[in-house]
Amino acid sequence: MMAWVRRGRIFNPADHADWAGSHAQVPTALLCSDCVRVYYADRDKSGKSFTTYVDLDRGDLSKIVYLHKKPILPLGEPGTFDDDGMMPSFAQRRDGVVYLYYSGWNRGMTVPYRNSVGIAVSEDDGKTFRRLYEGPVLDRTPKEPYIAVTPTIIREGSLWRMWYISGTKWVKVDDRYEPVYVIKYASSRDGIDWDRPNHQCIPQAHDCEAFSHPTVLKGTDRYRMWYCFRHSLDYRDGPGSYRIGYAESLDGLAWSRMDQVNGLDISEEGWDSTMTCYPFVTLIDGQIIMFYNGNGFGRTGFGYASLDQEIR
């Protein structure tokens, strides 16, 4: 069993009602020389999501040293893939530029929404951004006709390796369509054009199970992945709500699901007592840290935990 130590909630949008919206969803960390910058998705009164960030003290992640009180990007132009919102997924430095992969979405007619992946770039170490393209770099394909979203990336030499969420179907529950999605794999030589072999990484426990927000770390002898999973029934803070899972792989393609050893379940009370979701696991100054959301898909903000043991 992994020995995760809960360190508490870092940011709660309800504490900043004068400028923040309703959520602090999908925390996505970028290590800077003097801080840890955590991007997250907030929502305005109409339900549209936008990305902003907070800077944390690198020596004490519970301390916020800066609050960015406006979106880093405007919504996409009408008709583009992100004209209803965007949510951060993964930040990667390359040649002095920060590449922020983010999930863009549009409202749907037959189903509530559709998702794709875009890229924004920053030349000032992740403070301000511009879209690299108006269109997505990961979208629906003939073999993946539903959703492509929330990537995590590792660069191995000239190869970019990605694990991302791909939709498999929508199921109708109480007159509402709910998405089912799994974790798949892709690779690239430039981080823009991706080869997608339609390879599913983590097996589903049942055909209505959905996964989200994988994070992959490469150790000396294996790859490790954290993600969250839920049922399609009663998952909005109910018994089917998100929990954080874990898997291991020797090659990044064939994975063994090992949810039982992750060791970070819901709390007995408080901000993460009905749901734990959207883990972002990273190495900060020799310590493995997990940023994650709790109840309400980030409505109660985000917090963090540290791993009180060595992982090779």
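Attention in this report is confined to the structure presented alongside it. In this text the structure is predicted, and so the values were computed from the model without any measurement.

## Here's the deal with the overall build of the protein
Broken down by element type, the protein carries one helix and 20 strands. Against the 2.2 N^0.38 benchmark of 20 Å for 312 residues, the protein shows a C-alpha radius of gyration of 18 Å, consistent with a compact globule. Projected onto its principal axes, the C-alpha coordinates of the protein cover approximately 45 × 45 × 40 Å. Burial statistics for the protein: of 312 residues in total, 57% are counted as buried. Long-range contacts, defined as pairs at least 24 residues apart, comprise 52% of the intrachain contacts of the protein with a sequence gap of at least 6. Just so you have it, the protein exposes about 13200 Å², and 48% of that area is on carbon and sulfur atoms.

## Overview of the side chain of Asp82
Mapped onto the secondary structure, Asp82 falls in the loop between strand S5 (60–67) and strand S6 (85–94). Look at Asp82 and you get buried, because its relative accessible area is 0%. A distance of 2.7 Å separates the side chain of Asp82 from the side chain of Tyr102, its partner in a polar contact. Reaching out from Asp82, the side chain makes a polar contact with the side chain of Arg131 at a distance of 3.0 Å. Leaving out residues up to four positions away in the same chain, Asp82 has contacts with Leu75, Gly76, Tyr102, Gly104, Trp105, Asn106 and Arg131.

## Things to note about the sheet that holds strand S11 (residues 159–173)
Across the sheet, four strands lie side by side as S10-S11-S12-S13; this open sheet has antiparallel pairing. Here the strands that pair on one side only, and so sit at the sheet edges, are strand S10 (148–156) and strand S13 (194–200). Averaged over neighbouring strand pairs, the angle between their axes works out to 30 degrees when direction is ignored. As paired strands, S11 and strand S12 (residues 176–188) are joined by 13 bridges and run antiparallel to one another. For Met162, the partnering residue across the bridge sits in S12 and is Ala186.

## Some details on the pattern of salt bridges
If you walk through the whole model with that rule in mind, you get 22 salt bridges. In this structure, the salt-bridge partner of Lys184 is Glu144, at a minimum N-O distance of 3.9 Å. Taken together, the residues Lys184 in strand S12 and Glu144 in the loop between strand S9 (130–131) and S10 connect sequence positions 40 residues apart. Comparing Lys184 with Glu144, the two get one shared label, buried. A salt bridge links Glu156 to Arg161; its shortest N-O distance comes to 3.7 Å. What emerges from the salt-bridge pattern is a single network uniting Asp221, Arg222, Arg224 and Glu248.

## Side note on the packing of aromatic side chains
Two numbers describe a pair of aromatic rings. These are the distance of the centres and the angle of the planes. Counted under the stated rule, the structure contains 22 aromatic pairs. For the ring pair Phe291 and Tyr304, a centre distance of 6.3 Å and an interplane angle of 35 degrees mean the geometry is tilted. With a gap of 13 residues between them, Phe291 in strand S19 (residues 287–293) and Tyr304 in strand S20 (residues 302–307) connect regions that are remote in the sequence. For the pair Phe291 and Tyr304, one class covers both residues: buried. Taken together, Phe11, Trp19, Tyr40 and Phe302 form an aromatic cluster joined through their ring pairs.

## Here we look at the layout of surface pockets
Gaps left between atoms are located by rolling a probe of water-molecule size over the structure's atoms. Estimates place the volume of the largest pocket at around 710 Å³. If you trace the largest pocket, you find 29 residues lining it, with Gln25, Arg43, Met87, Tyr113 and Tyr278 closest to the centre. Only strand S2 (25–31), strand S7 (97–107), strand S8 (113–122), S10, S12 and helix H1 (295–298) provide two or more residues apiece to the lining of the largest pocket.

## Digging into the sheet that holds strand S18 (residues 277–284)
Sheet strands pair by backbone hydrogen bonding; their relative direction is either parallel or antiparallel. The antiparallel open sheet is built from four strands, whose spatial order is S1-S20-S19-S18. Each edge of the open sheet is held by one strand with a lone partner, namely strand S1 (4–11) and S18. Here the strands of the sheet are splayed against their neighbours by 25 degrees on average, with no regard to which way each runs. The pairing of S18 with S19 spans six bridges and is classified as antiparallel. Of the residues in S19, the one forming a bridge with Ile284 is Gln287.

## Re the pairing of S2
Counting buried residues along S2, six of its seven residues qualify, which places the element largely inside the surrounding structure. In this sheet, strand S3 (residues 35–43) lies alongside S2 in antiparallel orientation, the contact comprising five bridges. Opposite Leu30, over in S3, you have Arg37 as the bridge partner. Hairpin geometry of S2 and S3 is characterised by an intervening segment of three residues between the two adjacent antiparallel strands.

Calculation notes
- Residues numbered from 1 in each chain as written.
- Predicted model: local features only at pLDDT ≥ 70, side-chain atom pairs only at ≥ 80, totals over all residues.
- Heavy atoms only, no water.
- Helix = DSSP H or I, 4+ residues; strand = E, 2+ residues; numbered from the N terminus.
- Rg over C-alpha atoms; globule rule 2.2 N^0.38 Å.
- Buried < 20%, exposed > 50% of the residue type's maximum accessible area, 1.4 Å probe, protein only.
- Contact = heavy atoms within 4.5 Å.
- Areas by Shrake-Rupley, 256 points an atom, 1.4 Å probe, with all protein chains shown as cover.
- Polar contact = N/O pair within 3.5 Å; in protein donor to acceptor, adjacent residues only side chain to side chain.
- Pairing = 2+ DSSP bridges.
- Axes fitted to C-alpha atoms, helices over the stretch in contact; angles between N-to-C directions.
- Salt bridge = Lys/Arg side-chain N within 4 Å of Asp/Glu carboxyl O.
- Phe/Tyr/Trp six-rings, centres within 6.5 Å; stacked < 30°, edge-to-face > 60°.
- 1 Å grid on protein atoms, 1.4 Å probe; cavity = no way out; pocket = protein on both sides within 12 Å on 5 of 7 lines; lining within 4 Å.
- Points joined across faces, edges and corners; volume = space filled by probe spheres on them.

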